[in-house]
Amino acid sequence: MSQSAFITGATSGIGYATATVLASRGYRLGSAARNSEKLEAVKQELEMKFNSEVYTYVLDVRDAEAIKQVAAQAVQDMGVPDVLVNNAGLARGLESYEETDEADIIQMVDTNIKGLCLVTHAFLPGMVKRNTGHIINLGSTAGLYAYKGAAVYCATKAAVKTFSDGIRIDTIDTDIKVTTIQPGIVHTPFSEVRFHGDKKRADAVYEGVDALHPEDIADVIAFVLDRPLRVQISDIVIMADQQATGFMVSKTPRVPHK
């Protein structure tokens, strides 16, 4: 039987790109996201393109009870997943912390930390019992390098890395692998979400920068999953060519190579 993967935030950006590349490699997919219509559209697309087996789950990872119900249904549908991709996450606002809206703080913490922890908690016991599994957690260079106006977001992504390290320690006597993927600037709906739908402001983030594509990150995830059992890749940092650290991006016009 083919391997299975459960992916949160599977309808856009890195989550969608990951679902696509794994479907192309024959994985059975459990795709979770908040929007049922987008989930159905992705399901139909992947089934048509790759003859994939795709299960969809409407899920807001801030809802602890919903996570339990969805995880139980996913295990019933396709067994304990071989791969868990904790991709759901977001940033809100870019103001100084004292000006940050309380609702934005709560949403980032609940989504990026609580949601990731609880989704992992729902599937990990089955992986431990089976003695196999690979957990892929989407962190960020923001978890390595804080930047202005993003204190909470950076803190949540730092938590992703240390949480992953802790799970790796807890499961050291098993064949479970835990990897943190830490992308830099990626051209996705991320900035539009951050700026509460202000597309013009979001587009300005990527102007003058050859940003990473979601497919670049998905290809790296596929590479990590393809390593032999003896190889555990704990962390990967992926940045655009015009990015030196998480917060330092050059918008100097590039001279084409001869």
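These remarks concern the structure in this document. (Residues numbered from 1 in each chain as written. Predicted model: local features only at pLDDT ≥ 70, side-chain atom pairs only at ≥ 80, totals over all residues. Heavy atoms only, no water.)

1. Here's the deal with the side chain of Ser140
Step number 1: Mapped onto the elements of the fold, Ser140 is located in the loop between β5 (132-138) and α5 (151-170).
Step number 2: Looking at Ser140, its side chain comes within polar contact range of the main-chain nitrogen of Ala142, at 2.9 Å.
Step number 3: In contact with Ser140, not counting residues within four places along its chain, are Tyr153, Lys157, Ile181, Gln182 and Pro183. (Helix = DSSP H or I, 4+ residues; strand = E, 2+ residues; numbered from the N terminus. Polar contact = N/O pair within 3.5 Å; in protein donor to acceptor, adjacent residues only side chain to side chain. Contact = heavy atoms within 4.5 Å.)

2. Digging into the environment of Ala74
Step number 1: With respect to the secondary-structure elements, Ala74 resides in helix α3 (residues 64-78).
Step number 2: For Ala74, a relative accessible area of 0% corresponds to the buried category. (Buried < 20%, exposed > 50% of the residue type's maximum accessible area, 1.4 Å probe, protein only.)

3. So, the pattern of salt bridges
Step number 1: The final tally for this structure, using the stated rule, is nine salt bridges.
Step number 2: Taking the shortest distance from any N to any O, the salt bridge between Lys43 and Glu47 comes out at 2.8 Å. Residue Lys43 and its partner Glu47 are located together in helix α2 (residues 36-50), separated by four residues, close to a single helical turn.
Step number 3: Take Lys43: its relative accessible area is 19%, and that puts it in the buried class.
Step number 4: One salt bridge connects Arg130 with Asp82, and the closest N-O pair in it is separated by 3.9 Å. Residue Arg130 is found in helix α4 (residues 102-130), and its partner Asp82 is found in the loop between α3 and β4 (83-86); the two are separated by 48 residues along the sequence.
Step number 5: A network of salt bridges, in which partner residues are shared, links Lys161, Asp165, Arg168 and Asp235. (Salt bridge = Lys/Arg side-chain N within 4 Å of Asp/Glu carboxyl O.)

4. So, the sheet that holds strand β6 (residues 175-183)
Step number 1: Taken in spatial order, the seven strands line up as β3-β2-β1-β4-β5-β6-β7 in an open sheet, and their pairing is parallel. Unpaired on one side and paired on the other, β3 (54-58) and β7 (235-238) mark the two borders of the sheet. Sheet twist, expressed as the average angle between the axes of neighbouring strands with direction ignored, equals 15 degrees.
Step number 2: Relative to β5, β4 runs parallel, the two being bridged by four bridges. Bridging from a neighbouring strand, Val83 pairs with His134 of β5. (Pairing = 2+ DSSP bridges. Axes fitted to C-alpha atoms, helices over the stretch in contact; angles between N-to-C directions.)

Purely geometric numbers; function is a separate question.
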